[in-house]
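The primary structure of each chain is shown beneath.
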Amino acid sequence: MGNQVKRVVVTGASSGIGAATVRRFSERGWQTVAVARRADRLADLAAETGAHVIVCDVTDEAQVDRMAAEVAATGGADALVNNAGGALGVDSVEYSSNADWRQMFEVNVIGLRTVTAALLPVLRDAARSHGWASILNVTSTAGHDAYPGGGGYNAAKFAAHAVTDVLRLELAGEPIRVMELAPGLVHTEEFTLNRVRGDAEAVARTYADVIPLSAEDVARVLVGAFEQPPHVNQDLIILR
């Protein structure tokens, strides 16, 4: 890409893997657009990294459309990281909540599709100007291996994996690569705490006697996938 400055949109950027990814891209000389719901967290990230921040709930189509328009109006984007996601509950399929399942599908699957569809015209513009563009969807090993108590999250992440594969086939022939990063156990400040509804003891048990990945570990691998030559497509990276 020569000396052209690269610009990337990262969703779910207010904490965890998303925030670490914005920091890593910024360190590597990319312009970053950090997208999340929490304005205060985004303001702190902007002050730290210089990111352009956009408050947006990926489950709200109107907000996503406004976000995509702002990205286009402020310099476009060569790359998209669909990172927004989350898990709710550890109950069995029998006793879990449909409301939890709906929320997980809204953010992990439908939100991913909404953001991708809204930003594909922006990415195509970048590909015409610069020769290529890239999309990476952050899924999970939960989208490849099921486990008891994972029901809704497994289903949502298996779906996100399927959407990624379909998108890659549909964009075949266009200079837009589609990648997937599926991390295993990652210790972040909020993910498991949200999943177990604030039960700190349950969080401690989750990480007992293991060495989990950090958000920074995931960010290093993620950004590295974007920095490969344009013809190198890491279709699926499983990280443990």
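The structure we're discussing is the one just above.
Parameters at a glance
Residues numbered from 1 in each chain as written. Predicted model: local features only at pLDDT ≥ 70, side-chain atom pairs only at ≥ 80, totals over all residues. Heavy atoms only, no water. Helix = DSSP H or I, 4+ residues; strand = E, 2+ residues; numbered from the N terminus. Contact = heavy atoms within 4.5 Å. Axes fitted to C-alpha atoms, helices over the stretch in contact; angles between N-to-C directions. Parallel < 35°, antiparallel > 145°, perpendicular 65-115°, else oblique. Left-handed = near helix turned anticlockwise from the far one by under 90°. Nonpolar A, V, L, I, M, F, W, Y, C, P; charged D, E, K, R; others polar. Core = buried A, V, L, I, M, F, W, Y, C linked by side-chain atoms within 4.5 Å. Buried < 20%, exposed > 50% of the residue type's maximum accessible area, 1.4 Å probe, protein only. Phe/Tyr/Trp six-rings, centres within 6.5 Å; stacked < 30°, edge-to-face > 60°. Polar contact = N/O pair within 3.5 Å; in protein donor to acceptor, adjacent residues only side chain to side chain. Salt bridge = Lys/Arg side-chain N within 4 Å of Asp/Glu carboxyl O. Right-handed = clockwise from strand over helix to strand, strands pointing away. Pairing = 2+ DSSP bridges.

Draft legend 1. Expanded view of the environment of Cys-56. Turning to its location among the elements, Cys-56 is positioned in the loop between strand E3 (52-55) and helix H3 (61-73). Taking the C-alpha atoms as reference points, Cys-56 and Arg-102, 46 residues apart in sequence, are found 19 Å from one another. Residue contacts for Cys-56: discarding those within four places in its chain leaves Val-35, Ala-36, Arg-37, Gln-63, Val-64 and Met-67.

Draft legend 2. Seen up close, the packing of helix H4 (residues 98-130) against helix H5 (residues 151-170). Between H4 and H5, the least distance of the axes is 7 Å, while the angle of their chain directions is 20°. As summarised for this structure, H4 and H5 are arranged roughly parallel, according to the angle between their axes. Where H4 crosses over H5, the two elements pack in a sense that is right-handed. Counting all contacts with H4, which are made through Trp-101, Met-104, Phe-105, Asn-108, Val-109, Leu-112, Thr-116 and Leu-120, the residues of H5 involved are Gly-151, Gly-152, Tyr-153, Ala-155, Ala-156, Lys-157, Ala-159, Ala-160, Val-163 and Leu-167. Here the contact of H4 with H5 is composed, by residue class, of 13 nonpolar, four polar and one charged.

Draft legend 3. Structural detail: the nonpolar core. Phe-25, Val-81, Leu-136, Leu-222 and Phe-226 are the most contacted members of the largest nonpolar core, which totals 31 residues. Sort the elements by how many residues they give to this core and helix H8 (residues 215-226) lands first, with seven residues. If near-sequence neighbours (up to four positions away) are discounted, Phe-226 is found in contact with Phe-25, Trp-30, Ala-79, Leu-80, Val-81, Trp-132, Ser-134, Ile-135, Leu-136, Arg-177 and Met-179. With 27 residues, the next largest nonpolar core counts Val-35, Cys-56, Ala-68 and Ala-84 among its residues.

Draft legend 4. Spatial organisation of the packing of aromatic side chains. Scanning the entire structure with this criterion turns up three aromatic pairs. Ring geometry for Trp-30 versus Phe-226: centroids 6.1 Å apart, planes at 80°, classification edge-to-face. Of this pair, Trp-30 sits in the loop between helix H1 (16-27) and strand E2 (31-36) while Phe-226 is found in helix H8, placing the two residues 196 residues apart along the sequence. The residues Trp-30 and Phe-226 share a single accessibility class, namely buried. A network of ring pairs unites the aromatic residues Phe-25, Trp-30 and Phe-226 as a single cluster.

Draft legend 5. Structural detail: the environment of Glu-174. For Glu-174, the position within the fold is in the loop between H5 and strand E6 (176-183). Sequence spacing of Glu-174 and Ile-135 is 39 residues, and the spatial spacing of their C-alpha atoms is 12 Å. One polar contact links Glu-174 to Arg-124, side chain to side chain, over a distance of 2.7 Å.

Draft legend 6. Fine view of the pattern of salt bridges. Scanning all chains against the criterion turns up nine salt bridges. With a closest N to O distance of 2.4 Å, Arg-128 and Asp-125 form a salt bridge. Note that Arg-128 and Asp-125 are positioned in helix H4 at a spacing of three residues, about one turn of the helix. On the accessibility criterion, Arg-128 (62% relative accessible area) is exposed. Within this structure, Asp-165, Arg-168 and Asp-235 form a network of salt bridges that share partners.

Draft legend 7. Local environment of the pairing of E2. Burial analysis of E2 places five of its six residues in the buried class, the great majority of the element. Once you follow strand E1 (residues 7-11) into H1 and on to E2, the crossover reads as right-handed. Inspection of the sheet shows E2 paired to E3 by four bridges, in the parallel sense. Bridge pairing in E3 links Val-35 to Ile-54. One crossover worth recording links E2 to the parallel E3 by way of helix H2 (residues 39-49), and it is right-handed.

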